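Okay, here's what each chain looks like letter by letter:
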Amino acid sequence: MRDFIVLSECLNFTKAAEKLHLTQPTLSKHVVAMEKELGCELLNRSRRNVALTKAGELFAATSMQIVEAYDDCQKRISELVSQTALRVAGVLYDPAISSIISIAASLLEAEGKPPIQYNYGVAEQDFVGQLMKDEIDVAIGYATTEQLEELELVREPLTRTRFVAVVTKTCPLAGRKEASIDQLRNLRFIKFADNYSICGWHLIEKVCNDHGFNPRSRTVLGRNNSSYLNTPLTAEDVLIVPNNLPQLRYLSDFSQVAVVPLVDDDANFRLYMLYKSADAERVASVTSAYNRARKIIINHGKGGILADPIPDVRRTLEAAAPGMSCASWAIRYVASLDNIIAVLSG
């Protein structure tokens, strides 16, 4: 139809073929095929000129309407597909990730973009596997460089949260204000046996390997979102958790465990947004919103969970009150100043 529309406007096979980037014989075959299908002549041909027959005029006008309707339909379908909610799953319960998700939702709503569909249930499954099966569009978690290359995944950083070691008060490390990964080599690490936690375990294991030892482990089954810190520990056990868990600051009041900050520069959980390189354009609205949300949190220092203070400051703060964020210290400092009645935090 598009070929005939151009020909009906030019009424010249040579010019029409040039516009359509076809050879003149090919264009002629297309017209003959249409005439055969319709059972009538569409053109009056002579050596000097080409003219539309009555049937040709009707067919040209109708073809224009059909092509215009098709193009409009195709455009609307593309818009509809692009507005389909993108699916995100992975480590969504992390406090820092929760903040990013909340801010990103506001940014997308303000721009009139469709909301993100979060699947918290997929976190209990292999979310990288879900990503590769196209059951989700973006995964939030950890992936090694080897995985990225093998699976053709893109990895963009989201959060970096330091390790703290949770040990019983009978453990030799319990009385320390801080410790290093090397000092944990003789302890037995708690390893939670679920796909949500195994992401973090791979990180812990890699850090230990980088420090020259393979961690002994004790597998714990039946973890849920609130049971990390309820895990029974022996004197030889150590539980590695992120320092932004709100419960950490209260543990010493009701539990027989101690929280010891780890000072190594590589002792931290790093979470990334992961997606297929082929989907980069399709998920751009989500990745852009996450990156902007991350920058907003860093710039404002809310929660202190994405900020990375210099080592001396960090060690001093963590030794004084394990689990307390930089923002918590800042709020307490401001509250201690003269003439301050209250401090409001977002």
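Residues numbered from 1 in each chain as written. Predicted model: local features only at pLDDT ≥ 70, side-chain atom pairs only at ≥ 80, totals over all residues. Heavy atoms only, no water.

(A) Representation of the overall build of the protein chain. Helices and strands together make up the secondary structure of the protein chain, namely 12 helices and 11 strands. Of all 346 residues assigned to the protein chain, the portion counted as buried reaches 43%. Of all intrachain contacts in the protein chain linking residues separated by at least 6 positions in sequence, the fraction that spans at least 24 positions is 74%. Counting every atom, the protein chain has about 19200 Å² of accessible surface; 53% of that belongs to carbon and sulfur. (Helix = DSSP H or I, 4+ residues; strand = E, 2+ residues; numbered from the N terminus. Buried < 20%, exposed > 50% of the residue type's maximum accessible area, 1.4 Å probe, protein only. Contact = heavy atoms within 4.5 Å. Areas by Shrake-Rupley, 256 points an atom, 1.4 Å probe, with all protein chains shown as cover.)

(B) Here's a closer look at the confidence of the model for the protein chain. Averaged over all residues, the pLDDT of the protein chain is 83; the fraction at 70 or higher stands at 87%. pLDDT under 50 marks residues 302-307. Its contacts with residues more than four places away, or in other chains, come to 21 contacts. (pLDDT = per-residue confidence, 0-100.)

(C) Focus on the nonpolar core. Core analysis: the largest hydrophobic core is formed by 59 residues, its most contacted members being Phe 163, Ile 181, Leu 184, Phe 189, Ile 240, Leu 262 and Tyr 290. Considering each element in turn, this core owes the most residues, seven residues, to helix α8 (residues 195-210). When neighbours within four sequence positions are excluded, Leu 262 is seen to be in contact with Arg 162, Phe 163, Val 164, Ala 165, Ala 179, Ser 180, Ile 181, Leu 184, Ile 240 and Ala 267. Membership of the second largest hydrophobic core comes to 16 residues, among which are Phe 4, Leu 42, Leu 43 and Ala 60. (Core = buried A, V, L, I, M, F, W, Y, C linked by side-chain atoms within 4.5 Å.)

(D) Spatial organisation of unusual backbone geometry. One non-glycine residue, Leu 11, lies in positive phi territory at about 55°. Examined against the element boundaries, Leu 11 turns out to sit in the loop between α1 (2-10) and α2 (13-20). Classification of Leu 11 by relative accessible area gives partly exposed; the value is 33%. Its identity is not glycine, yet Asp 134 carries a phi of approximately 65°, on the positive side. Here Asp 134 lies in the loop between α6 (127-132) and β5 (138-141). The class of Asp 134 is partly exposed, set by a relative accessible area of 42%.

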